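So the chains spell out like this:
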Amino acid sequence: MAGLPRSSVGRWLPGTLILVALLVFGLRNVAWRHFSEILQRAEPSWILAAVVLQLGTYLCAAGVLHRGIAASGVRRSLLSLVPLGLAKLFIDQVVPTGGLGGTLLVVRALERRTVPRGVATAAVVVNMLSFYAAYAIAVAATLGVLWLGHKFHPAILVLLTLFAFYATAMPVLILWIVYGGPRSRPAWLHRVPGFDAALRAIEEAPASTLRHPLLFLESILLQLAIVVLDALTLDVLLRATGHVAPFPIVFTSFVLASIAATLSLLPGGVGTFEAGSVASLHYFGVPLEVSLTATLLVRGFTLWLPLVPGVWFARHEMMGSAPPGDAPPP
């Protein structure tokens, strides 16, 4: 993370301390030999399955952008958009700005691929709105699992309530900015760095794209597929440790951990995701050593490994030239 502002690096400190505390707690309550036994009996086939599932999440993320620009009549290769997802992940995790930094990178990268700025912005707006809609569906499914299993813990209810407000407020804010008109926007918004440029780009976005019902449905399904694939990754890594849990429980644990990570506003949700995942899995009856091992493995696949190519792709997208294969057809 050389070259990053000290404040950006410092934001990782609270999450790192939480993660260290979680590891110390795990080692104090479980004998180390249990962790080593779990790793020794891990099956490589399940590890390979986790890799395949994560590749599927990158394709789905690229698919959301692909469908967004295609709705405006612009055609680009699906595979050429996969690096944008990795680059966005790196920017959002290392320099957390509520997704704004990674979003601006995607718009600029699409412009470099000769996608008009309005079309690129429309695709990103659809991406953001569909993300919150997909997580609203995931939360509804989580509530169903908790209700059927009579597992309503007060802490879980507080977490879900806070996220419900957050997931509702963000799309409303986006739609208000897009459709509210200049009179409805408070003056302080225009003092936010980059707001006026983003607003001009949104105003250039094709209205037909932002009001395309089928596009939103496709994007929501793709975003939901990402959540399911990530939860399946946790599921197969649990199986790799020799423990099998019902998928509804695994899915619920992953969603609760993701919500905790989102609400913490820490880079990558480091520490809060791990704590939420271990606590949720153990709450549903998964042994503590298995919960901690599977959680650390899934974070390796979903966060740390993608950051390595993400560094390269982010530098390429910000400093390089547009790939030759992405030139528009004559």
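Calculation criteria
Residues numbered from 1 in each chain as written. Predicted model: local features only at pLDDT ≥ 70, side-chain atom pairs only at ≥ 80, totals over all residues. Heavy atoms only, no water. Helix = DSSP H or I, 4+ residues; strand = E, 2+ residues; numbered from the N terminus. pLDDT = per-residue confidence, 0-100. Contact = heavy atoms within 4.5 Å. Core = buried A, V, L, I, M, F, W, Y, C linked by side-chain atoms within 4.5 Å. Buried < 20%, exposed > 50% of the residue type's maximum accessible area, 1.4 Å probe, protein only. Expected span 1.5 Å × (residues − 1). Axes fitted to C-alpha atoms, helices over the stretch in contact; angles between N-to-C directions. Parallel < 35°, antiparallel > 145°, perpendicular 65-115°, else oblique. Left-handed = near helix turned anticlockwise from the far one by under 90°. Nonpolar A, V, L, I, M, F, W, Y, C, P; charged D, E, K, R; others polar.

This paragraph deals with unusual backbone geometry. Notably, threonine 114 is not glycine yet its phi reads approximately 60°, a positive angle. With respect to the element layout, threonine 114 can be found in the loop between helix 6 (100–112) and helix 7 (117–149).

So, about the confidence of the model for the protein chain. If pLDDT is low for a region, its predicted coordinates should not be looked at in detail. Here the protein chain shows a mean pLDDT of 78. Residues at 70 or above account for 72%. Mean pLDDT values for the elements of the protein chain range from 55 in helix 1 (residues 6–10) up to 92 in helix 11 (residues 213–240). Counted against residues more than four places away or in other chains, residues 321–330, with its pLDDT under 50, gives 14 contacts.

Turning our eyes to something else, we now look at the nonpolar core. Core analysis: the biggest nonpolar cluster contains 41 residues, and Leu160, Val227, Leu234, Leu238, Phe254 and Val255 have the highest contact counts within it. Per-element accounting of this core gives the leading share, ten residues, to helix 11. Beyond its immediate stretch of four places on either side in the chain, phenylalanine 254 contacts Tyr135, Val227, Asp230, Ala231, Leu234 and Phe273. Val106, Leu110, Val115 and Val119 belong to the second largest nonpolar core, which has 16 residues in total.

Before going further, it helps to examine helix 7. Given 3.6 residues per helical turn, the α-helix brings residues three or four places apart onto the same face. End to end, helix 7 covers 48 Å across 33 residues, agreeing with the expected 48 Å (1.5 Å per residue, within 8%). Phi turns positive one or two residues past the end of helix 7, at histidine 150, with a value near 55°.

Time to look at the packing of helix 7 against helix 12 (residues 247–264). What describes two packed helices is the angle between their axes and the distance between those same axes. With their axes 9 Å apart at the nearest point, helix 7 and helix 12 run at an angle of 130° to one another. Relative to helix 12, helix 7 is oriented oblique. Here the hand of the crossing between helix 7 and helix 12 comes out left-handed. Counted together, Tyr135, Ala138, Val139, Ala141, Thr142, Val145 and Leu146 of helix 7 and Pro248, Phe251, Thr252, Phe254, Val255, Leu256, Ser258 and Ile259 of helix 12 form the full contact between these two elements. A per-class count over the contact of helix 7 with helix 12 returns twelve nonpolar, three polar and no charged.

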